[in-house]
Amino acid sequence: MKHKIQSLIMITLSTFIMAVGVYFFKFPDNFCFGGITGFATVVAKVTPISASNFTFIANTILLVIGFIFLGKSFALKTTYASMLLSVLLVFFEKWMPLTKPLSNEPMLDLIFAIALPAIASALLFNIGASSGGTDVIAMLLKKYTNMKDIGIALFATDLAMILVACFVFDLKTALYSFVGLAVKSFMIDDIITTINLRKSITIVCDDKEPICSFITAKLNRSATITEGVGAYTNGKKYIIFTSLSRTQAVELRNFIHDQDLQAFVSVSSTSEVFGKGFHSL
């Protein structure tokens, strides 16, 4: 239950961040670098349908596809996120109508239009959800093709939006949109990598008990222990290997330092760790 509540809070916060980026910075400047919201910008320009209403209709259709091919858990999380996004966009449109961009600097608007949705998308993808729309198509590409990076899958999915923008809007807007799509796609992958960053730690020591007890009892992790021989002293050594989060790695380092355990510690960054306590294989 605690995990479900945390996921719900994370999805709500991520969706709100995305809604702010889309409505206040993406829609007013006609940026269409991907997603249903990007295509909605084009549709709103050439049809009587508003961007918010089109987003709601298209998301509903793609959610059904996601439920069929990506599973119940993903579909439920994505349904909540996409419906909340649509409601927030309609709310902003009604109570905070915009007739022009917030600033007179397109590049400044572009930065926020990229950064806010990218951060939100990365947080959603990392907990097995999405904001719906073409994110569902990207997840399908990731699952059923060789595209293992979600950012690359998004780029391939949303590139068509840029081509449409060339004909609907001016070339300047299309170029801004292409830059936004490219930066957003790579930014999502970088954010996900940063979130999942772990520390692989190798410890060489004389006494394994205090260190292993701290890892198992305090950090609730495990470790692998082997015996070795010091090349200089020719004495018996214990080699402890473990993988921890960045916060836990700092706790372990401080513990070894505070207890003056005379251990040799090597720490390296690992982009992902699979196994019990981390991501499933």
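Trainee: Please give an account of the packing of aromatic side chains that cites residues and values.
Mentor: Counted by the stated rule, this structure contains seven aromatic pairs. For the pair Phe 24 and Phe 92, a centre-to-centre distance of 5.2 Å together with 55° between the ring planes defines the contact as tilted. In this pair, Phe 24 sits in helix α1 (residues 2-26) while Phe 92 sits in helix α4 (residues 72-95), placing the two residues 68 residues apart along the sequence. What makes Phe 92 buried here is its relative accessible area of 5%. On the numbers, 4.2 Å between centres and 10° between planes, the contact of Phe 214 with Phe 255 is stacked. Residue Phe 214 is located in helix α9 (residues 209-218), and its partner Phe 255 is located in helix α10 (residues 246-258); the two are separated by 41 residues in the primary sequence. Judged by relative accessible area, which is 17%, Phe 255 ranks as buried.

Trainee: Can you tell me about the nonpolar core, naming the residues and giving the values?
Mentor: One finds Met 18, Tyr 23, Phe 27, Phe 54, Leu 89 and Phe 92 to be the most contacted residues of the largest nonpolar core, which totals 26 residues. Counting residues per element, the ones that place at least two in this core are α1, α2 (35-46), α3 (51-70), α4 and α5 (106-126). Considering every element that reaches this core, the biggest residue donor is α1, with seven residues. Those residues in contact with Met 18, other than ones at most four positions away along the chain, are Leu 85, Pro 117, Ala 120, Ser 121, Leu 124 and Ser 131.

Trainee: Please give an account of unusual backbone geometry that cites residues and values.
Mentor: With a phi close to 60°, Asn 234 is a non-glycine residue in the positive phi region. Residue classification places Asn 234 among the exposed residues on the basis of a relative accessible area of 63%. Phi at Gln 262 is positive, roughly 55°, even though this residue is not glycine.

Trainee: Explain the packing of α1 against α5 to me, and be specific about the residues and the numbers.
Mentor: How two helices pack is summed up by the angle between their axes together with the distance between the axes. Two numbers describe how α1 lies on α5: the axes approach to 8 Å, and their chain directions differ by 160°. On the basis of the axis angle, α1 is roughly antiparallel to α5. Helix-helix and strand crossings are classified by hand; for α1 and α5 the assignment is left-handed. Contact with α1, carried on its side by Met 10, Ile 11, Ser 14, Ile 17, Met 18, Val 20, Gly 21, Val 22, Phe 25 and Lys 26, involves Asp 109, Phe 112, Ala 113, Leu 116, Pro 117, Ala 120, Ser 121, Leu 123 and Leu 124 of α5 and no other residues of that element. Here the contact of α1 with α5 is built from residues that sort into 14 nonpolar, three polar and two charged.

Trainee: Which residues make up the environment of Val 183, and what values do they have?
Mentor: Topologically, Val 183 is positioned in helix α8 (residues 171-195). A sequence separation of 23 residues divides Val 183 from Asp 206, and the C-alpha atoms of the two residues are 49 Å apart.

Trainee: How would you summarise the pattern of salt bridges if you had to cite specific residues and measurements?
Mentor: The tally for this structure, following the rule as stated, stands at three salt bridges. Across the salt bridge formed by Glu 209 and Lys 208, the nearest N and O atoms sit 2.6 Å from each other. Here Glu 209 falls in the partly exposed class, since its relative accessible area comes to 45%. Between Glu 227 and Lys 236 there is a salt bridge whose closest N-O contact spans 3.5 Å. On the accessibility criterion, Glu 227 (56% relative accessible area) is exposed. For Lys 236, a relative accessible area of 48% gives the class partly exposed.

Trainee: So what's going on with a nonpolar patch on the surface? Which residues, and what values?
Mentor: A cluster of nonpolar residues, Phe 56, Ile 57, Ile 61, Val 64, Ile 65, Phe 67, Ile 68, Phe 69 and Tyr 144, forms a patch on the protein surface that exposes about 910 Å² of accessible area. Ranked by residue count, the leading element in the nonpolar patch is α3, at eight residues. By the element assignment, Phe 69 lies in helix α3. Residue class for Phe 69 comes out partly exposed when judged on its relative accessible area of 41%.

Trainee: I'd like a description of the pairing of strand β3 (residues 236-244), backed by residues and values.
Mentor: Looking at chain direction, strand β1 (residues 198-205) and β3 are connected through seven bridges and run antiparallel. Across the sheet, residue Val 204 finds its bridge partner in β3, namely Ile 239. Hairpin connection between strand β2 (residues 224-229) and β3: a loop of six residues separates the two successive antiparallel strands, and Asn 234 in this loop has a positive phi of roughly 60°.

Trainee: If you had to explain the sheet that holds β2 to someone new, which residues and values would you point to?
Mentor: Sheet strands line up and pair through hydrogen bonds in the backbone, either parallel or antiparallel. The antiparallel open sheet is built from four strands, whose spatial order is β2-β3-β1-β4. The open sheet terminates on both sides in strands that have one partner only, identified here as β2 and β4 (264-270). Between one strand axis and the next, the sheet turns by 20° as a mean value, whatever way the strands run. Note that β1 and β4 share seven bridges and pair antiparallel. Within the sheet, the bridge partner assigned to Thr 202 lies in β4 and is Ser 266.

Quick notes on the rules
- Residues numbered from 1 in each chain as written.
- Predicted model: local features only at pLDDT ≥ 70, side-chain atom pairs only at ≥ 80, totals over all residues.
- Heavy atoms only, no water.
- Phe/Tyr/Trp six-rings, centres within 6.5 Å; stacked < 30°, edge-to-face > 60°.
- Helix = DSSP H or I, 4+ residues; strand = E, 2+ residues; numbered from the N terminus.
- Buried < 20%, exposed > 50% of the residue type's maximum accessible area, 1.4 Å probe, protein only.
- Core = buried A, V, L, I, M, F, W, Y, C linked by side-chain atoms within 4.5 Å.
- Contact = heavy atoms within 4.5 Å.
- Axes fitted to C-alpha atoms, helices over the stretch in contact; angles between N-to-C directions.
- Parallel < 35°, antiparallel > 145°, perpendicular 65-115°, else oblique.
- Left-handed = near helix turned anticlockwise from the far one by under 90°.
- Nonpolar A, V, L, I, M, F, W, Y, C, P; charged D, E, K, R; others polar.
- Salt bridge = Lys/Arg side-chain N within 4 Å of Asp/Glu carboxyl O.
- Patch = residues over 30% accessible without salt bridge, like charges linked within 9 Å, V, L, I, M, F, W, Y side chains within 5 Å.
- Areas by Shrake-Rupley, 256 points an atom, 1.4 Å probe, with all protein chains shown as cover.
- Pairing = 2+ DSSP bridges.

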